[in-house]
Amino acid sequence: MTVTLEASDGVGTIRLDRPPMNALDVATQDRLRELAEEATRRDDVRAVVLYGGEKVFAAGADIKEMRAMDHTAMVVRSKALQDAFTAVARIPKPVVAAVTGYALGGGCELALCADFRIAADNAKLGQPEILLGLIPGAGGTQRFARLVGPSRAKDLIFTGRHVKAEEALAIGLVDRVVPAAEVYEQARAWAAALAKGPALALRAAKESIDAGLETDIDTGLTIERNWFAGLFATEDRERGMRSFVEEGPGKAVFL
């Protein structure tokens, strides 16, 4: 399998495994969608880590495979490509990308689908599609601009240049830079801490933020209000408030 899902202690790791560079061919894209949907369904997965291994996250699409496609083939395939990445972005649980080595093209777009990105100090990220006479096609023009702002997104997409971890951190493309040997460990620790939290409230927070960013402020506030009120019907809300009153803040244990 080019992509696997393993779960332990509430954390599911979606692991890319297509040596040497984890090129995202059609089969890998389709498998990624399948496992994102599986992670969404599984009750034993409460948070997710995206990981490509110790040496590389993903160095982009399989160019040899893509070169063989004509316009008609890509009209059909491009929707499936975006659907695979959207399935990752819409996992209704906390998702962290553990970025080692290169995260380029589709690899960078995959990292953009996470809620949080932890990068190795030797990581390099970018959208080099322009150098092939193309643009990002798996959400890069949209998620990149929403994350770092249009000007910075245009700089990287127009030039196709790579950024090192330090610059990626400075512009908000990644959220933390750590030694390469610690990337997966720290990503898993982040996910494990959230896996112990109230699952429905975390889903509500993620969906409120993500959906709110796609609309006007009044609609966003309505989305927030509906989720906020709805959580008053949950056991986690009762558990959290009871613990606060009886034991003090931050001591609730959620099932």
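Structure: see above.
Residues numbered from 1 in each chain as written. Predicted model: local features only at pLDDT ≥ 70, side-chain atom pairs only at ≥ 80, totals over all residues. Heavy atoms only, no water.

K.L.:
Looking at this structure, how should I read a nonpolar patch on the surface?
P.N.:
A contiguous nonpolar patch, built from Ile-63, Leu-132 and Leu-134 and spanning about 250 Å² of accessible area, is present on the exposed surface. Following the sequence through the fold, Leu-134 ends up in the loop between β7 (124-126) and α5 (140-148). Residue classification places Leu-134 among the partly exposed residues on the basis of a relative accessible area of 38%. (Patch = residues over 30% accessible without salt bridge, like charges linked within 9 Å, V, L, I, M, F, W, Y side chains within 5 Å. Areas by Shrake-Rupley, 256 points an atom, 1.4 Å probe, with all protein chains shown as cover. Salt bridge = Lys/Arg side-chain N within 4 Å of Asp/Glu carboxyl O. Helix = DSSP H or I, 4+ residues; strand = E, 2+ residues; numbered from the N terminus. Buried < 20%, exposed > 50% of the residue type's maximum accessible area, 1.4 Å probe, protein only.)

K.L.:
Please clarify how helix α9 (residues 199-213) should be interpreted in this entry.
P.N.:
For an α-helix, the turn length of 3.6 residues means that residues three or four places apart are oriented alike. Compared with an ideal rise of 1.5 Å per residue, which puts 15 residues at 21 Å, α9 spans 21 Å between its outermost C-alpha atoms and is within 8% of the ideal. Looking at the buried residues of α9, the elements they touch are α3 (71-89), β4 (95-99) and α10 (217-230). (Expected span 1.5 Å × (residues − 1). Contact = heavy atoms within 4.5 Å.)

K.L.:
Explain unusual backbone geometry here, please?
P.N.:
Residues other than glycine predominantly adopt negative phi, and peptide bonds predominantly adopt the trans conformation. Note the cis peptide between Pro-19 and Pro-20, where omega equals 0 degrees. Inspection of the secondary structure assignment puts Pro-20 in the loop between β2 (11-16) and α1 (26-41). The phi dihedral of Asn-22 is positive, around 55 degrees, even though this residue is not glycine. Tracing the chain through its elements places Asn-22 in the loop between β2 and α1. On the basis of relative accessibility, which here comes to 4%, the residue Asn-22 falls in the buried class.

K.L.:
Even after reading the chapter, I still don't get the nonpolar core, so can you show me in this structure?
P.N.:
Membership of the largest hydrophobic core comes to 59 residues, with the highest contact counts inside it found for Leu-50, Phe-57, Val-99, Leu-125 and Leu-173. Among the elements that line this core, the one with the most residues is α3, at six residues. Residues contacting Leu-125, with those up to four places away along its chain left out, are Val-99, Ala-103, Leu-104, Cys-108, Arg-161, His-162, Val-163, Ala-168, Leu-173 and Val-174. (Core = buried A, V, L, I, M, F, W, Y, C linked by side-chain atoms within 4.5 Å.)

K.L.:
How should I be thinking about the environment of Gly-139 in this particular structure?
P.N.:
For Gly-139, the position within the fold is in the loop between β7 and α5. Distance in space between the C-alpha atoms of Gly-139 and Asp-83 is 9.6 Å, their sequence separation being 56 residues. Discounting residues that sit within four places of it in the chain, Gly-139 has contacts with Glu-109 and Phe-144.

K.L.:
I'm lost on the sheet that holds strand β1 (residues 3-8) in this one. Help?
P.N.:
Two orientations exist for strands paired in a sheet by backbone hydrogen bonds: parallel and antiparallel. One open sheet accounts for six strands, arranged β1-β2-β3-β4-β6-β9; its pairing is mixed. Both outer strands of the open sheet, β1 and β9 (176-178), are each paired with one neighbouring strand and no more. Looking at each pair of strands side by side, their axes are set apart by 20 degrees on average, direction ignored. The pairing of strand β3 (residues 47-51) with β4 spans four bridges and is classified as parallel. Paired with Tyr-51 across the two strands is Ala-98, which belongs to β4. With respect to the sheet, α1 is in contact with β1, β2 and β3, its orientation differing from that of β1 by roughly 20 degrees. (Pairing = 2+ DSSP bridges. Axes fitted to C-alpha atoms, helices over the stretch in contact; angles between N-to-C directions.)

K.L.:
Can you walk me through the pairing of β1 in this structure?
P.N.:
Regular strands place side chains that alternate from one sheet face to the opposite one. In terms of strand pairing, β1 meets β2 through six bridges, oriented antiparallel. When the sheet's bridge partners are listed, Leu-5 is paired in β2 with Ile-14. Counting the residues that bridge the hairpin from β1 to β2 gives two residues, and of these Asp-9 lies at a positive phi of roughly 55 degrees.

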